[in-house]
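Chain and residue survey
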Amino acid sequence: MKIIIDSPEKIAAIAAERYVTLLNKKPNAVLGLATGSTPLGLYAKLAELYNEKKISFDKVTSFNLDEYVGLDGNHDQSYRYFMNTNLFDKVNIRKNATFVPSGLGDVDANAKNYEEMIAAAGGIDLQLLGLGQNGHIGFNEPGTPLDSLTHKIELTANTREANARFFASLSDVPTHAISMGIKTVMNAKSIILIALGENKADAVAKSVNGKIDTMVPASVLQLHPDVTFYLDEAAASKL
Ligand code: GLP
């Protein structure tokens, strides 16, 4: 596991360079993407690099980590909407090659189908992750089995409260989500995790230095051969 500590602005720039390098080498790479406030700096940087013609997404396929159950892609808190507005609409990615798991209809069937689509695309080359305050990755809450594939999950009170700031009230936050599983994430060839801010410091310390424990889902990343944590000073303060 590699760890890079810098300012949030530099982290966004250094992480963006990973994409430039990857897409130069493999223009049709499969990207695993994430939502949340953490990747916003990176996505802004990628859009900037695209405008400067330093990166092209025209042959890229992408798979997002997760989505709320019950929100359609036009809902402004859906992760599909987030991805469209913060990245996909700003670069030359083919919209029909961007996938976000669907939390509508038969979610279990959607989950199975999602795994098949990832496999058919050749697997994920570079998976981006944020980090929940309780150590979750995607929406894999503490206790999620290591061999989990894409599945429906019940959100913890902690996660719903942390995400309530984006909704009108806590009761509007969906109770369930569909998320790539721990195994789906671990199957990616390379992994980038970005964590910013003091409120991530405990989860970062447990993930990096703690024992590998399903109660801290990100600690499992210690077992992956190619994972880099990009942290600001505050998130790294308990290492
Ligand atoms: C949500 C997402 C995660 C994300 C986490 C942290 O729970 N499902 O993928 O990592 O929030 O969000 P933020 O980056 O806003 O702190």
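As shown above, the structure is provided for reference.
Starting from 1, residues in each chain are numbered consecutively following that chain's sequence as written. For this predicted model, a pLDDT threshold of at least 70 governs which residues receive local features, and a threshold of 80 or more governs which side-chain atom pairs are given and counted, while totals over whole chains, interfaces and linings are taken from all residues. With hydrogens and water stripped out, all remaining heavy atoms of the structure feed into the side-chain values.

**Section: the sheet that holds strand β7 (residues 151-154)**
Sheet architecture is open: three strands sit in the order β4-β8-β7, paired in antiparallel fashion. Strands with a single pairing partner mark the edges of an open sheet, and in this sheet they are β4 (66-68) and β7. The average angle at which neighbouring strand axes cross in this sheet is 25°, direction not considered. Only when DSSP finds a minimum of two bridges between them are two strands counted as paired. Only DSSP runs of H or I with at least four residues qualify as helices, and only runs of E with at least two residues qualify as strands; both kinds are numbered from the N terminus onward. Alignment of β4 against strand β8 (residues 176-179), held across three bridges, turns out to be antiparallel. Note on β8: the bridge partner recorded for aspartate 66 is serine 179. In this analysis, axes come from line fits to C-alpha atoms, helices being fitted only over the stretch in contact, and the angle between any two N-to-C directions falls in the range 0 to 180 degrees.

**Looking at the pattern of salt bridges**
In the sections that follow, a salt bridge refers to a side-chain nitrogen of Lys or Arg positioned within 4 Å of a carboxyl oxygen of Asp or Glu. In the structure shown here, the tally under the stated rule is nine salt bridges. The salt bridge partner of aspartate 125 is lysine 26, with a shortest N-O separation of 2.9 Å. In this pair, aspartate 125 is assigned in the loop between α4 (107-120) and β6 (126-129) and lysine 26 in the loop between α1 (8-25) and β2 (30-33), connecting sequence segments 99 residues apart. The exposure class assigned to aspartate 125 is buried, which follows from its relative accessible area of 8%. Its relative accessible area of 32% is what places lysine 26 among the partly exposed residues. Here aspartate 58 and lysine 59 are joined by a salt bridge, their closest N and O atoms 3.7 Å apart. Relative accessibility under 20% of the residue-type maximum defines a buried residue, over 50% an exposed one, and the middle range a partly exposed one, all with a 1.4 Å probe and only protein chains included.

**Quick word on the packing of aromatic side chains**
For this analysis, a ring pair means two rings from Phe, Tyr or Trp (six-membered ring only for Trp) whose centres lie within 6.5 Å, classed as stacked if their planes differ by under 30 degrees, edge-to-face if by over 60, and tilted for the remaining angles. Under the defined criterion, the tally for this structure stands at six aromatic pairs. For the pair phenylalanine 63 and tyrosine 114, a centre-to-centre distance of 5.6 Å together with 80° between the ring planes defines the contact as edge-to-face. A residue pair is termed long-range when its members are at least 10 positions apart, and phenylalanine 63 in strand β3 (residues 61-64) and tyrosine 114 in helix α4 qualify at 51 residues. Here phenylalanine 63 matches tyrosine 114 in class, with each residue buried. Ring centres of tyrosine 68 and tyrosine 79 lie 4.9 Å apart, and the angle between their planes is 45°; on these two criteria the pair is classed as tilted. Pair noted here: tyrosine 68 is in strand β4 and tyrosine 79 is in helix α3 (residues 79-86), with a separation of 11 residues, a long-range link.

**Observations regarding the pairing of β6**
Along β6, one buried face is formed by Leu126 and Leu128 and the opposite face, lined by Gln127 and Leu129, is buried too. Where β2 and β6 come together, two bridges link them in parallel fashion. Each residue of the ladder has a partner; that of glycine 32, found in β6, is glutamine 127. Strand direction decides the pairing type here: β6 and strand β9 (residues 190-195), joined by four bridges, are parallel. Of the residues in β9, the one forming a bridge with leucine 128 is isoleucine 192.

**Points about the side chain of serine 219**
Looking at the secondary structure, you find serine 219 in the loop between α7 (201-209) and β10 (227-231). Those residues in contact with serine 219, other than ones at most four positions away along the chain, are Lys206, Ser207, Lys211, Ile212 and Asp213. Whether two residues are in contact is decided by their heavy atoms: any pair within 4.5 Å suffices.

**Topic: the site of the ligand**
With respect to spatial proximity, 13 residues lie near the ligand, and among them Ser37, Thr38, Asp66, His136 and Lys200 are the closest. In the model, an oxygen atom of the ligand is placed 2.5 Å from a nitrogen or oxygen of the threonine 38 side chain. One nitrogen or oxygen atom from the side chain of aspartate 66 is found 2.7 Å from a nitrogen atom belonging to the ligand. A cavity here means a set of 1 Å grid points, computed over protein atoms only, where a 1.4 Å probe fits but cannot escape. A pocket is an open set with protein on both sides within 12 Å along at least 5 of 7 lines, and lining residues have an atom within 4 Å of a point. Criterion for pocket placement: a molecule counts as inside a cavity or pocket if more than half of its atoms are within 2 Å of its grid points. More than half of the atoms of the ligand fall within 2 Å of the grid points belonging to the largest pocket. Its residues assigned to classes, the shell around the ligand shows three nonpolar, seven polar and three charged. The criterion for a residue being near a molecule or strand is simple. One of its heavy atoms has to lie within 4 Å of it. Think of a polar contact as two N or O atoms within 3.5 Å of one another; within protein, one of them needs to be a possible hydrogen donor and the other a possible acceptor, and neighboring residues in sequence only count if both atoms come from side chains. Gly is put with the polar residues, along with every residue not named as nonpolar or charged; the nonpolar set is Ala, Val, Leu, Ile, Met, Phe, Trp, Tyr, Cys and Pro, and the charged set is Asp, Glu, Lys and Arg.

**Examining the sheet that holds β3**
Across the sheet, which stays open at both edges, the seven strands sit in the order β1-β10-β9-β6-β2-β3-β5 with parallel pairing between neighbours. At either margin of the open sheet sits one strand with a lone partner, and together these are β1 (2-5) and β5 (98-99). In this structure, β1 lies alongside β10, joined through four bridges in parallel fashion. Each bridged residue has a counterpart across the sheet, and for isoleucine 5 the counterpart in β10 is leucine 231. Running over the sheet, α1 touches β1, β2, β6, β9 and β10 and is turned about 150° from β10.

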